[in-house]
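Understanding the architecture of this molecule
The residues making up each chain are set out below.
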Protein chains: 2
Amino acid sequence: MKSVVYNRLRRIVDASRVSDAIEDRIVSSYDASRIKYLPDVVVKIITTKEVSEILKIAYTEKVPVYTRGAGSSVTGSAVPVKGGILLDTSLMNRIVEISPVDLTAVVEPGVVVTDFQKEVEKYNLFYPPDPASADFCTIGGNVATGAGGLRCIKYGTTRDYVLGLEVVLSDGRIINTGGGTLKKVSGYDLTRLMVGSEGTLGIFTRIILRLIPKPTAESTISAFFDTPDKAIEFGVLLLEKGILPRSLEFMDRACLMAVNKYRPDLKIPPTSQAMILVEFDGQPEDVNNQATQSCKLLEGIQPITLKRAVNKEEAKYLWSVRKAISAALYSITTQKISEDICVPRHAIKPILSYLNEIGASSGIPVAVFGHLGDGNLHINFLVSNPSDRAFGTSKEQEARLAGVLDKLFTKTIKLGGTLSGEHGIGMTKAKYLPLEWGRDEIELFRAIKQLFDPKNILNPDKIFSQYDVWV
Amino acid sequence: MKSVVYNRLRRIVDASRVSDAIEDRIVSSYDASRIKYLPDVVVKIITTKEVSEILKIAYTEKVPVYTRGAGSSVTGSAVPVKGGILLDTSLMNRIVEISPVDLTAVVEPGVVVTDFQKEVEKYNLFYPPDPASADFCTIGGNVATGAGGLRCIKYGTTRDYVLGLEVVLSDGRIINTGGGTLKKVSGYDLTRLMVGSEGTLGIFTRIILRLIPKPTAESTISAFFDTPDKAIEFGVLLLEKGILPRSLEFMDRACLMAVNKYRPDLKIPPTSQAMILVEFDGQPEDVNNQATQSCKLLEGIQPITLKRAVNKEEAKYLWSVRKAISAALYSITTQKISEDICVPRHAIKPILSYLNEIGASSGIPVAVFGHLGDGNLHINFLVSNPSDRAFGTSKEQEARLAGVLDKLFTKTIKLGGTLSGEHGIGMTKAKYLPLEWGRDEIELFRAIKQLFDPKNILNPDKIFSQYDVWV
């Protein structure tokens, strides 16, 4: 990057917030995918005007611009793969407004999800999207990836809560999409086009969110089974009865064994092949009623154990198994590759058997947990190579893993599923895009990218691969 | 239109489904906006392949193509203003699949909303979008306009239930957007870009919809008030208590007076200045509980009368006032111009007072009803001119009405509202688009239109006006 760009950035933004020091560049070089590339300069943005001025320079000088919230993307969405300017949103984190009458809020992109949830709860309001990283990930990142989480079966994903955006376009122009009303059909829906676009179409500087009244009660149930089929069967039965939980989580045997080793105090029954966690919310009588009906259904399919939390402490305890999975898996492997396919619910059983097959034939252990309610499964391949993925594992291992991922994604698409339920495409899944989409669809995606970002400076080399395999 | 086009159409589609007879052209010439333009030829489509072949011809020959479901648009969305080919979807009306396990359905565009709702109820499922025209409007049209209805405060609009689309592009290529999974972030969200695009970006030939478990109970309450402020106050109180009704409808004095004249048997209290209808759904205990709490809240603000339905018959009776409004208004005026602005809920009171003002100063009577829960108000200007709008009312009246609409939309936008909550822009609101959107936003809308429809053959002259007033 030319030094003239650096100097101009320091005239737009207070010098204390512009840095090309190696330590600042390193901390912004990676995300949870473990892929690492150094940006040339890190700018801690605060105002929309700054972002607009920075993009005007970047546009003129054709400098790549990457936006980073908390860097919790697992697909490399936030990695500055071509260097250039990294916009850090961590200081642009004001909750501008919460309106209980309008059931809306206005936030800046750097607001941490849990901070926002806590704040709206003070007004007896509820912001349902709840990705596992909610304690540190930002709302800007959630909008960029269309983040999901644990409550989607009942409440949908981030997409369903974004009413409007202020967006800085690649040439620095500032536009507004959507707005502060709960309904709107005026012009094209640029808001939802932006949601999930992974920072490739524009930079969000203000976000208008929809809120709902806070449910007054919750109830949590857990059950262990001697076969995963019973867990899946329960999910179908529950919805057949017209009961809609807010969470319906699944953990397979590999996850449970790992957690058992890591947290023996959680006393997972040794014969367990699967666990489900189901949680209801709403008005107290209703929640109680649904939980009681669920327990009856569960008893009918004979779980090994069945527990219903009677208070928040117990609920937290039941969630401990689910919350411990990630750390537990890292305690039995040095590296895991996590994918987040989503399939129609009828395809959950077939995809799980297929995973058993390819796990066995490849020799790569697989651990599966995820959102049974919406078919969004987190599939973890436990790779034993001690070196870091970003800096190269052994060629043989890489090839074996690539073969398994190819098989997984091919089968997923064949079953009517998608490459990603909530993580997005980023860098790690870009080459698989042609498995899911045809030539005409990808041509349209690319044309939209070209329309919004003609010089390809916004988060370049994400979503789209250099080559499309069917070309 | 060249006769060669007509002849080629008859080779693609069975001759019995292609007609240039004047009677067929007339019945497809108008929609509920009462605007009328004759198409050159009407084609009753059945298959995606047909639509694709027809568009290939239209693209080559630059012939406008209009798609018509039930013609229930009130903004002229379905009117073939430039002639050309009219695609009638009424025969393309199969419910292809309903999957209770996946909680999804696949339908063709011509399926009537109520028919679909009844069909999914057989599986104990629920499709919430419920526009007032549900008994005759089509799902294709609902997707094209992003239709809303009576249950949006709890369940959202059509947009929230469309998971995927098969779309024929202007040049005849067939693409798929979204898919059959409940979550998906892979490529750009073309599905939501299509929703509300009013047939200007592509023609939907297959629609994948999300379903939810059917609520097992409902409860309906109505109340009349001596001031509209009490109705608005109730809406705020209810949500403050964390109670989320599925419907929260409002009717003003003018509506009630008209209904009273039209249906004296409904015994509207003569001093009524406003009425609300509130409806809950869910599990029986929960619904009962919410209705009881609502009645307590209502008693606290002293309605003239308060009624709670104890069975379906009574609920239907309470809804009679609301359902009678449209016919009742036509019994006291020969013509009404209906707008469907949506404002943030805090702006409902100011916009209602403003309407009183402009109604009084213009001498045009105004009747307001609508969705108090989401700020989407149906504003009816009762125009006494007996001639039809499409064929010219008196110049003086036109000018007066235009002045009032200008004022209404300007104030609405100023209050953070939108031109349309659920009807869309079509022809009647195109010229107001620059009130709501800036130059850059409209430039983007136009660029997207250009990208999808470079020859401007898909529903031309909709959404965008010939001129933009700020140019």
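Here is what the cut-offs are and how they apply
- Residues numbered from 1 in each chain as written.
- Chains lettered and ligands numbered in written order.
- Predicted model: local features only at pLDDT ≥ 70, side-chain atom pairs only at ≥ 80, totals over all residues.
- Heavy atoms only, no water.
- Patch = residues over 30% accessible without salt bridge, like charges linked within 9 Å, V, L, I, M, F, W, Y side chains within 5 Å.
- Areas by Shrake-Rupley, 256 points an atom, 1.4 Å probe, with all protein chains shown as cover.
- Salt bridge = Lys/Arg side-chain N within 4 Å of Asp/Glu carboxyl O.
- Buried < 20%, exposed > 50% of the residue type's maximum accessible area, 1.4 Å probe, protein only.
- Domains from an automatic or database assignment.
- Contact = heavy atoms within 4.5 Å.
- Buried area = accessible area lost by both parts, 1.4 Å probe.
- Polar contact = N/O pair within 3.5 Å; in protein donor to acceptor, adjacent residues only side chain to side chain.
- Helix = DSSP H or I, 4+ residues; strand = E, 2+ residues; numbered from the N terminus.
- Axes fitted to C-alpha atoms, helices over the stretch in contact; angles between N-to-C directions.
- Parallel < 35°, antiparallel > 145°, perpendicular 65-115°, else oblique.
- Left-handed = near helix turned anticlockwise from the far one by under 90°.
- Nonpolar A, V, L, I, M, F, W, Y, C, P; charged D, E, K, R; others polar.
- pLDDT = per-residue confidence, 0-100.
- Phe/Tyr/Trp six-rings, centres within 6.5 Å; stacked < 30°, edge-to-face > 60°.
- Lys NZ or Arg CZ within 6 Å of the ring centre and 35° of its normal.
- Pairing = 2+ DSSP bridges.
- Lys, Arg positive; Asp, Glu negative; His and termini not counted.
- Core = buried A, V, L, I, M, F, W, Y, C linked by side-chain atoms within 4.5 Å.
- Least-squares fit on C-alpha atoms with pLDDT ≥ 70 in both.
- Expected span 1.5 Å × (residues − 1).
- 1 Å grid on protein atoms, 1.4 Å probe; cavity = no way out; pocket = protein on both sides within 12 Å on 5 of 7 lines; lining within 4 Å.
- Points joined across faces, edges and corners; volume = space filled by probe spheres on them.

1. Points about a nonpolar patch on the surface
A cluster of nonpolar side chains, namely Ile22, Ile26 and Leu38 of chain A, defines an oily patch on the protein surface of about 240 Å² accessible area. Judged by relative accessible area, which is 42%, Ile22 of chain A ranks as partly exposed.

2. Examining the domain arrangement of chain A
Residue and element names in this part refer to chain A. Structurally, chain A comprises domain 1 (3-88), domain 2 (95-213), domain 3 (217-326) and domain 4 (332-414). Its C-alpha centre places domain 3 at a distance of 24 Å from the equivalent point of domain 4. In this assembly, 19 residues from domain 3 lie in contact with 14 residues from domain 4. Counting the surface domain 3 buries against domain 4, the share from its top three residues, Ile232, Leu248 and Phe250, is 36%. Inspection of the region where domain 3 meets domain 4 yields six residue pairs in polar contact (both at pLDDT 80 or more). Broken down by secondary-structure element, the contributors of at least two residues to the side of domain 3 that touches domain 4 are α8 (228-240), β13 (247-252), α9 (253-262) and α11 (312-332).

3. Focus: the interface of chain B and chain A
Facing 82 residues of chain B, the contacting portion of chain A comprises 82 residues. Counting each side, the surface lost to burial between chain B and chain A is near 6800 Å², with a carbon and sulfur contribution of 60%. It is Lys183, Val185 and Tyr188 of chain B in chain B that bury the most area against chain A; as a group they hold 15% of the surface buried on that side. Taken together, chain B and chain A are joined by twelve salt bridges. The interface formed by chain B and chain A includes 35 residue pairs in polar contact (both at pLDDT 80 or more). Elements supplying a minimum of two residues to the side of chain B that touches chain A: β9 (174-178), α7 (190-194), α8 (228-240), α10 (284-300), α14 (433-436) and α15 (439-452) of chain B.

4. Some remarks on the packing of α8 of chain A against helix α10 (residues 284-300) of chain A
Geometry of a packed helix pair, given as the angle between the helix axes and the separation of the axes. Residues and elements named next belong to chain A. Running from N to C, α8 and α10 point in directions that differ by 140°, and their axes come no closer than 10 Å. Here α10 runs oblique to α8, going by the angle between their axes. When you trace α8 past α10, the crossing you get is right-handed. Along the contact surface, α8 presents Phe234, Leu237 and Leu238, while α10 presents Ser294, Leu297 and Leu298. Considered class by class, the residues forming the contact of α8 with α10 number five nonpolar, one polar and no charged.

5. Looking at the confidence of the model for chain A
Confidence in the prediction of chain A, expressed as mean pLDDT, is 94, and 96% of residues score 70 or more. Listed scores for the predicted complex are pTM 0.96 and ipTM 0.95.

6. Focus on the packing of aromatic side chains
Going through the model one piece at a time under the given rule, you end up with 14 aromatic pairs over all chains. Their ring planes at 75° and their centres at 5.1 Å tell us that Phe116 of chain A and Tyr127 of chain A sit as a pair that is edge-to-face. Pair noted here: Phe116 of chain A is in helix α4 (residues 113-121) and Tyr127 of chain A is in the loop between β7 (125-126) and α5 (139-145), with a separation of eleven residues, a long-range link. On the basis of an interplanar angle of 80° and a centroid distance of 6.0 Å, the ring pair of Phe445 of chain A and Tyr188 of chain B is categorised as edge-to-face. With Phe445 of chain A in helix α15 (residues 439-452) and Tyr188 of chain B in the loop between β9 and α7, this residue pair bridges two chains. Neither residue differs from the other here; Phe445 of chain A and Tyr188 of chain B are each classed as buried. Three or more aromatic residues joined by ring pairs make a cluster, and in this case those are Tyr188 of chain A together with Trp437, Phe445 and Phe464 of chain B. Geometry around Trp319 of chain B places Lys323 of chain B over its ring, the cationic atom sitting 5.6 Å from the centre. The aromatic ring of Tyr59 of chain B is capped on one face by Lys455 of chain B, whose charged end is 4.2 Å from the ring centroid.

7. Points about the sheet that holds strand β5 (residues 95-99) of chain A
What links the strands of a sheet is backbone hydrogen bonding, and the strands pair in either a parallel or an antiparallel sense. Residues and elements named next belong to chain A. Spatial strand order, β5-β6-β10-β8-β9: five strands in an open sheet with antiparallel pairing. If you trace the sheet from one side to the other, it starts and ends with β5 and β9 (174-178), each paired once. Direction aside, neighbouring strands of the sheet carry axes that sit 10° apart on average. Pairing of strand β8 (residues 162-168) with strand β10 (residues 203-210), which is carried by six bridges, proceeds in the antiparallel orientation. Bridging from a neighbouring strand, Val168 pairs with Ile203 of β10. Across the sheet, α4 touches β5, β6 (104-107) and β10, and the angle it forms with β5 is around 35°.

8. Here we look at the environment of Ser90 of chain A
Residues and elements named next belong to chain A. Examined against the element boundaries, Ser90 turns out to sit in the loop between β4 (85-88) and β5. Classification of Ser90 as partly exposed rests on a relative accessible area of 33%. Along the backbone, Ser90 and Arg68 are 22 residues apart, and their C-alpha atoms lie at a distance of 8.2 Å. Polar side-chain contacts of Ser90 include one of 2.6 Å to the side chain of Asp88.

9. With respect to the side chain of Glu441 of chain B
The residue Glu441 of chain B is located in helix α15 in this model. Although Glu441 of chain B is buried, it makes no salt bridge; Arg173 of chain A carries the closest opposite charge, 8.2 Å away. Only 3.0 Å separates the side chain of Glu441 of chain B from the backbone nitrogen of Gly438 of chain B, close enough to count as a polar contact. The contacts of Glu441 of chain B, once residues within four sequence positions are left out, are Ile175 and Asn176 of chain A.

10. Some points on the sheet that holds strand β17 (residues 366-371) of chain B
Residue and element names in this part refer to chain B. Read from one edge to the other, the open sheet built from seven strands follows the order β15-β12-β14-β13-β17-β18-β16, with strand pairing classed as antiparallel. The sheet is open, and its two borders are formed by β15 (305-308) and β16 (335-339), each paired with just one other strand. Across the sheet, the mean angle separating the axes of adjacent strands is 15° when strand polarity is ignored. Pairing of strand β13 (residues 247-252) with strand β14 (residues 274-282) involves six bridges; the strand directions are antiparallel. By the bridge assignment for β14, Leu248 is matched with Val278. Packed on one face of the sheet, helix α9 (residues 253-262) meets β12 (217-225), β13, β14 and β17 and runs near 80° to β13.

11. Examining the pattern of salt bridges
Residues and elements named next belong to chain A. Counting across every chain of the model gives 54 salt bridges over all chains. Here Lys56 ties to Glu53 by a salt bridge, and the two come within 3.5 Å at their closest N and O atoms. Of this pair, Lys56 and Glu53 both sit in helix α3 (residues 48-61), three residues apart, roughly one helical turn. Taking the relative accessible area as the measure of exposure, Lys56 reaches 40% and is therefore partly exposed. On the basis of relative accessibility, which here comes to 27%, the residue Glu53 falls in the partly exposed class. Here Arg192 and Asp189 are joined by a salt bridge, their closest N and O atoms 3.4 Å apart. The pair formed by Arg192 and Asp189 is uniform in burial state, with each residue classed as buried.

12. Structural notes on the nonpolar core
Phe116, Phe381 and Phe452 of chain A together with Phe116, Phe381 and Phe452 of chain B are the most contacted members of the largest nonpolar core, which has 188 residues in total. Leave out the neighbours within four places in its chain, and Phe116 of chain B touches Ile95, Ala105, Val107, Val111, Tyr127, Ile139, Leu209 and Leu211 of chain B.

13. A closer look at the relation of the copies chain B and chain A
In screw terms, the move from chain B to chain A is a rotation of 180° and a rise of 0.0 Å along the axis, fitting with an RMSD of 0.0 Å. Accordingly, the operation relating the two chain copies is best matched by a two-fold axis. No C-alpha of chain B approaches the rotation axis more nearly than that of Asp286 of chain B, which lies at 2.6 Å. Most of the interface of chain B is mirrored in chain A, where 100% of its interface residues are also at the interface.

14. So, the environment of Tyr59 of chain B
Residue and element names in this part refer to chain B. Tracing the sequence through the fold places Tyr59 in helix α3 (residues 48-61). Note: C-alpha distance between Tyr59 and Asp453 (394 residues apart in sequence) is 9.2 Å. Filtering out sequence-adjacent residues up to four positions away, Tyr59 remains in contact with Ser170, Asp171, Pro454, Lys455 and Ile457.

15. Looking at helix α12 (residues 348-362) of chain A
Residue and element names in this part refer to chain A. In a regular helix each residue adds 1.5 Å, so 15 residues correspond to 21 Å; α12 covers 21 Å between its end C-alpha atoms and thus fits that length. Turning to α12, the residues buried within the fold contact α8, β13, β17 (366-371), β18 (376-383) and α13 (395-414). Directly beyond the C-terminal end of α12, a positive phi value near 75° is found at Gly363.

16. Remarks on the packing of α9 of chain B against helix α11 (residues 312-332) of chain B
Residues and elements named next belong to chain B. Axis separation between α9 and α11 bottoms out at 8 Å; the angle between their running directions is 85°. The orientation of α9 with respect to α11, classified from their angle, is roughly perpendicular. On the side of α9, the interface is formed by Cys255, Leu256, Ala258, Val259, Lys261 and Tyr262, while α11 contributes Val321, Ala324, Ile325, Ala327, Ala328, Leu329, Ser331 and Ile332.

17. Topic: empty space enclosed by the protein
All names here are of chain B. Evaluated as defined, the whole model comprises seven cavities of 30 Å³ or more. By volume, the second largest cavity amounts to about 80 Å³. Those elements that provide at least two residues to the lining of the second largest cavity are β12 and α11. Take the lining of the second largest cavity: its biggest share by element is three residues, from α11. Classifying every residue of the lining of the second largest cavity gives six nonpolar, one polar and two charged.

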